[in-house]
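Structure assessment
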Amino acid sequence: MLIGVLDIYGFESFKTNSFEQLCINLTNEKLQQHFNQHVFKMEQEEYTREEIDWSYIEFVDNQDILDLIEKKPGGIIALLDEACMFPRSTHETFSQKLYQTFRNHKRFSKPKLSRTDFTIGHYAGDVTYQTDLFIDKNKDYVVAEHQALLSASNCSFVAGLFPPLPEESSKSSKFSSIGTRFKQQLQSLLETLSSTEPHYIRCVKPNSLLKPGIFENQNVLQQLRCGGVMEAIRISCAGYPTRRTFDEFLDRFGILAPGVLDGSYDVKTANKKMLDKMGLQGYQIGKTKVFLRAGQMAELDARRSEVLGNSAKIIQRKVRSYIARKEFLSLRNAAIHLQALWRGNLSRKLYSSMRRDAAALRIQKHVRRYQAQKSYTQLRLSAIVIQAGLRAMDARNEFRFRRQTKAAIIIQAQWRGYSAFAYYKKLNRAANIFQCAWRGKVARKELKKLKMAARETGALQEAKTKLEKQVEELTWRLQLEKRMRADLEEAKGQETAKLQSALQEMHAQVKEANDLLAKEREAATKAMEQIKPVIKETPVVVVDTAKLEILTKENEKLKDLVNSLEKKVDEAEKKYVESEKLSEERLKKAKEAETKVEQLKGSLQRLEEKLSNLELEDKVLRQQSLVKSPIKTFSESFITRVTQVTMENGHHEPIEVTPVKDIPSDVPAIKEQAEIENKPPKPLHDRHENIDTLIKCVSQDIGFSQGRPVAACIIYKSLFHWRSFEADKTSVFDRIIQMIGSAIENQENNDVLAYWLSNTSTLLFFLQRTLKATGAAGITPQRRRSSSTLFGRMTQGFRSPSSLGLPFGTGGMIAGLDSVRQVEAKYPALLFKQQLTAYVEKIYGIIRDNLKKEISVLLSLCIQAPRTPRANAVKISRSQANASTQQASNNHWQSIIKSLTNLLQTMRGNYVPCILVRKVFTQIFAHINVQLFNSLLLRRECCSFSNGEYVKAGLAELELWCCEAKEEYAGSAWDALKHIRQAVGFLVIHQKPKKYLDEIAHDLCPVLSIQQLYRISTMYWDDKYGTHSVSPDVIASMKMLMAEDSNDALGNSFLLDDDLSIPFSVDDISKSMQETDLSDINPPSQLLENSAFHFLLPCTL
């Protein structure tokens, strides 16, 4: 085997090109021809061997250039050798000979301003050669005698420089030029290359400066053209550049068509079916390979990457859900353990304080006794000369002092008992509040998920399917729990019977042992009585003593037996207690499962009703948009009468067509009907007069009545009284919408916005509880009859019977929403409801954005603690500087608190629903969390110890505000600050180098990601105590985790995004608001002056 490496210069074109450049360029021409022929031959052999359809590929042939240079006898090298043989030849005569010989050759040309230069058009470009030294360089050869002498040298290096010439070349001619030898060596090289399988490597120089980072496009393109790479690429792309064997192609792209792999096809047929399924055109199937056009392999790889990416996403989703649940369980267990430890610590502190108080009382008592005794002794020594009256007075004073001391002790004991009891009640209340808040948070999260899932009909169907599966699973679990509970009860009864029988046996054994022990004691007593006081015979004493020892040993054995039996009894009782606890726990779990099933049933019922309402509304909207005026026909057997009754709100209501045979025969009824028909209709200007009066009244701020917006109540009662919801055509809804839009044009006044938010949300609540889509009575039974699934059967079983309703009466006062049946709304009413929903969301967004703009400027000042300049630090004392800095820092946070308080007072003063207030402040706190946290991660000066203390103090102010605002209005706003709270807590903890990654990621900062923890750890600097950040090992672990998660595009982002969505729905508002009685709403005086609005007066019985 011959393996050789040929390294040659590339194509050369300089300012001065001589004989060397001609030889080098000749070599490049030869190698380029060999390269083209080799590539073409390989392609041709491959296509022929695989028996595919292909056409001839044309390529540039440079044979004419080779003939121009090396052809005999008329080539440039032959003419140069001929010139070298004549002694009088010069480069000028040689040039003239070339001009005469090749004046008509298309590759040869003569420069205009030179007499000795000539230009050859090579495949890489035109090159101009200077013939000044051609003859001299061609004659510069080694003399044969000299070469033989040097090749016979003993030095291997010298002998290798001058190898001996072949005998054939030496005998053929004494004169051998450099050009001729070069041609022979080049021919030998080509023969060697033709006998081997060549592989080509093209080296490209990126720039002429030989410096890194610089890429010259034109230079590189010229090198590729000179090296023939562009031509080779063209030849390759003209055919089938990509080819794979059947097995390789099937193994790589089999995942794109799994059905082909499952079938019983051979390899070739499977490849063809798979390519047809992918929709590729222009490919070829050979005997052993698949031939693809340019770009088809990239398309297949893209489809394969998409399939693999989707599979990876599914695996990642499952793994992340498992990790999230595992973290949640660990957090919950840690919270329970932390609560237990903290309560134990408080109890120990309280006990220690009580011990110190008792010790202090005892010391005081002894000191006072000593002082009193000393005073008494002195008084006793001096009482010899003092009269009896002084002794009596001193005794009375002593008695009064003792009584006061005793009273003080009693008062202290009562006060401490009261303080301890009050502290216990406070702890109990705080624990209950915390538990309620946590359960409410979990319930709100679940409710939010259900709301998001219920926004579209498709999402409701999906939630319905999921809930069906959950109900089936929980039902199965409940049955399993019931069977397990029954088995447990049976096993518990058997175990209890066994334990009771064992206990009875043990009691019998104990009783027998006690009886035996009593008998032994009586025998021992009798034996002791029989012993005489003076025993003279020694053997008798020995016998009695031995018997006594035997009895003592037996007594000890019986005691040990009794103790062992008592231990067994205790163990049996413990097992019995444990089995009872276990059964109670399982019973509790079964009850919880039943409760959850009931909750899911209720959720299923609500979702089913919501789905039906959405479908009905959609159907009605589509029908109303397509409905045209009905075509009325007349019949000979019926008499129709069509009248239009002018209503007070300006719309018309058609009267149903009555046949002749259905006309009642009662004469008074006919007369009454005729009187109604003969009444003249109201004038046209009276149709819109009432609407104008209503709009003019409610456009003003008419206040609230018992916490309810008067404007919303009046609008609803008027629309209900006028039966506008059942009208096919009316303008009252458009007038109301225009009035609301003009009222909120000033988007900077939060008082006006809060007032209209309260009115629009209340009016939307009334519409949600009153309106229903037309045709619900006819469609709902069909849905119920078609419900054959578990979900349908459960919803039919648990559907509220109140949805059927009672017949709706015309006119009358509205006593309350409870007494009003749902109205079958027409298209204008449904459209008005949608527009009103849009205005509620718009006003909510404006109020939220106004507050965000107001506090955004303050948040940029609150992220970094203010620092005292050095020049001022010299003049003033350190305490004054700290006081001024603390005052400046508190001003920013107090401004934010003031803005929040003002908005809360405004919304409470306008009786905005609590759910909207909670959502506003939750999103505002989330905005504060995003701004502070992102600034903390992007600015290194903020990641310091003192700045952490500063931000923590500000967050404490926000927490105090949340506590004062209470759960009713603050909601889960404090939980929205979890990222900045944990980040600031990490900044201010001490001994960071001693913390491990698990402790940081799971205990201290469980919400923060690894990227966020890594950035905070690397940017942290302690400007107060000079401590260091976490250890290098923790940093290295974070880097490893970040490298593992580098493929996840979402995980690489360490910044938070602000939430700009609307976090509530119409159902949320409807569920959060209570039923309202509208009978006691007093209308404004300007409406009462109009007789058309007397129906607004409170109803009297």
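Our subject is the structure that appears above.
The structure contained in this document is the topic of the report that follows. What you are looking at is a predicted structure, and each value in this text was computed from that prediction instead of being measured. (Residues numbered from 1 in each chain as written. Predicted model: local features only at pLDDT ≥ 70, side-chain atom pairs only at ≥ 80, totals over all residues. Heavy atoms only, no water.)

**Digging into the overall build of the protein chain**
When its secondary structure is counted, the protein chain shows 36 helices and 12 strands. Of all intrachain contacts in the protein chain linking residues separated by at least 6 positions in sequence, the fraction that spans at least 24 positions is 75%. A total of about 69,900 Å² of accessible surface is found on the protein chain, and carbon and sulfur atoms cover 55% of it. (Helix = DSSP H or I, 4+ residues; strand = E, 2+ residues; numbered from the N terminus. Contact = heavy atoms within 4.5 Å. Areas by Shrake-Rupley, 256 points an atom, 1.4 Å probe, with all protein chains shown as cover.)

**Section: the sheet that holds strand E4 (residues 242-245)**
With respect to topology, 3 strands assemble into an open sheet ordered E4-E6-E5, the strand pairing being antiparallel. If you trace the sheet from one side to the other, it starts and ends with E4 and strand E5 (284-285), each paired once. Relative to strand E6 (residues 289-292), E5 is paired through 2 bridges, and the arrangement is antiparallel. Bridging from a neighbouring strand, Ile285 pairs with Val290 of E6. (Pairing = 2+ DSSP bridges.)

**So, the environment of Pro241**
One can find Pro241 in the loop between helix H11 (229-238) and E4. On the accessibility criterion, Pro241 (29% relative accessible area) is partly exposed. Measuring from C-alpha to C-alpha, the distance between Pro241 and Glu43 comes to 9.4 Å, with 198 residues separating the pair along the chain. Excluding residues within four positions of it along the chain, Pro241 makes contact with Ser236, Leu292, Arg293 and Ala294. (Buried < 20%, exposed > 50% of the residue type's maximum accessible area, 1.4 Å probe, protein only.)

**As for helix H30 (residues 945-970)**
Since the α-helix turns once every 3.6 residues, residues separated by three or four places project in the same direction. Relative to the 38 Å expected for 26 residues at 1.5 Å per residue, H30 spans just 30 Å between its end C-alpha atoms, considerably shorter than the ideal helical length. The sharpest bend along H30 measures roughly 65° and falls at Glu964. Note on H30: the residue one or two positions beyond its end, Gly971, has a positive phi of about 65°. (Expected span 1.5 Å × (residues − 1). Bend = angle between axes of the 7 residues up to and from the residue.)

**What about a nonpolar patch on the surface?**
On the surface, Ile315, Val319, Tyr322 and Ile323 cluster together to form a nonpolar patch covering roughly 400 Å² of accessible area. Residue Tyr322 is classed as exposed on the basis of its relative accessible area, which comes to 55%. (Patch = residues over 30% accessible without salt bridge, like charges linked within 9 Å, V, L, I, M, F, W, Y side chains within 5 Å. Salt bridge = Lys/Arg side-chain N within 4 Å of Asp/Glu carboxyl O.)

**Some remarks on the nonpolar core**
In terms of nonpolar packing, the biggest core is built from 124 residues, with Phe725 and Leu958 touching the most fellow members. A total of 15 residues in this core trace back to one element, the largest contributor, which is helix H26 (residues 827-862). With 29 residues, the next largest nonpolar core counts Cys23, Ile76, Phe94 and Phe118 among its residues. (Core = buried A, V, L, I, M, F, W, Y, C linked by side-chain atoms within 4.5 Å.)

**Regarding unusual backbone geometry**
In this chain, Lys72 is followed by Pro73 through a cis amide linkage whose omega measures 0°. Residue placement: Pro73 occurs in the loop between helix H2 (63-70) and helix H3 (76-85). Residue Tyr911 is not a glycine yet carries a positive backbone phi of 55°. Secondary-structure assignment places Tyr911 in the loop between helix H28 (878-909) and helix H29 (914-938). Here Tyr911 falls in the partly exposed class, since its relative accessible area comes to 42%. Here the phi dihedral of Lys966 falls at roughly 75°; this positive angle occurs in a residue that is not glycine. Within the element layout of this structure, Lys966 appears in helix H30.

**A look at the packing of aromatic side chains**
In the structure shown here, the tally under the stated rule is 23 aromatic pairs. Look at Tyr716 and Phe720: their rings are 5.9 Å apart centre to centre, the planes differ by 40°, and that puts the pair in the tilted class. On the criterion of helical spacing, the pair formed by Tyr716 and Phe720 is a turn pair, its members being 4 residues apart in helix H21 (residues 710-722). For the pair Tyr716 and Phe720, a shared accessibility class is recorded, and that class is buried. Here the aromatic rings of Phe921 and Trp961 are separated by 5.1 Å at their centres, their planes lie at 55°, and the arrangement is tilted. Of the two residues, Phe921 sits in helix H29 while Trp961 sits in helix H30, which places them 40 residues apart along the sequence. Taken individually, Phe921 and Trp961 each receive the classification buried, so the pair is uniform in this respect. Through pairs of rings, three or more aromatic residues link up here, namely Phe19, Phe94, Tyr99, Phe102, Phe108, Phe118, Tyr129 and Phe134. In this arrangement the basic side chain of Lys110 is found over the ring face of Tyr99, its NZ or CZ atom lying 5.3 Å from the centre. (Phe/Tyr/Trp six-rings, centres within 6.5 Å; stacked < 30°, edge-to-face > 60°. Lys NZ or Arg CZ within 6 Å of the ring centre and 35° of its normal.)

**Considerations on the pattern of salt bridges**
Under the criterion given, the structure shown has 17 salt bridges. The residue Asp64 makes a salt bridge to Arg107 at a minimum N-O spacing of 3.0 Å. Note that Asp64 is positioned in helix H2 and Arg107 in the loop between helix H4 (91-101) and strand E1 (108-109), a separation of 43 residues in sequence. Taking relative accessible area as the criterion, Arg107 reaches 22% and is therefore assigned partly exposed. Lys852 is the salt-bridge partner of Asp1058, the closest N and O atoms lying 3.4 Å from each other. Residue Asp1058 is located in the loop between helix H34 (1032-1044) and helix H35 (1066-1072), and its partner Lys852 is located in helix H26; the two are separated by 206 residues in the primary sequence.

**Let's talk about the environment of Ala491**
Mapping Ala491 onto the fold places it in helix H17 (residues 457-530). Measuring from C-alpha to C-alpha, the distance between Ala491 and Ser579 comes to 9.6 Å, with 88 residues separating the pair along the chain.

**Things to note about a negative patch on the surface**
A grouping of Glu566, Asp570, Glu571 and Glu573 is seen on the molecular surface, where their side chains present a negatively charged patch. For Glu566, a relative accessible area of 42% gives the class partly exposed. (Lys, Arg positive; Asp, Glu negative; His and termini not counted. Charge placed at Lys NZ, Arg CZ, Asp CG, Glu CD.)

**Digging into the pairing of strand E2 (residues 117-121)**
Among the 5 residues of E2, 5 are classified as buried, and the element is accordingly described as predominantly covered. Along E2, one buried face is formed by Asp117, Thr119 and Gly121 and the opposite face, lined by Phe118 and Ile120, is buried too. What sits between E2 and strand E3 (residues 126-130) in their antiparallel hairpin is a turn of 4 residues, with Gly125 showing a positive phi close to 150°.

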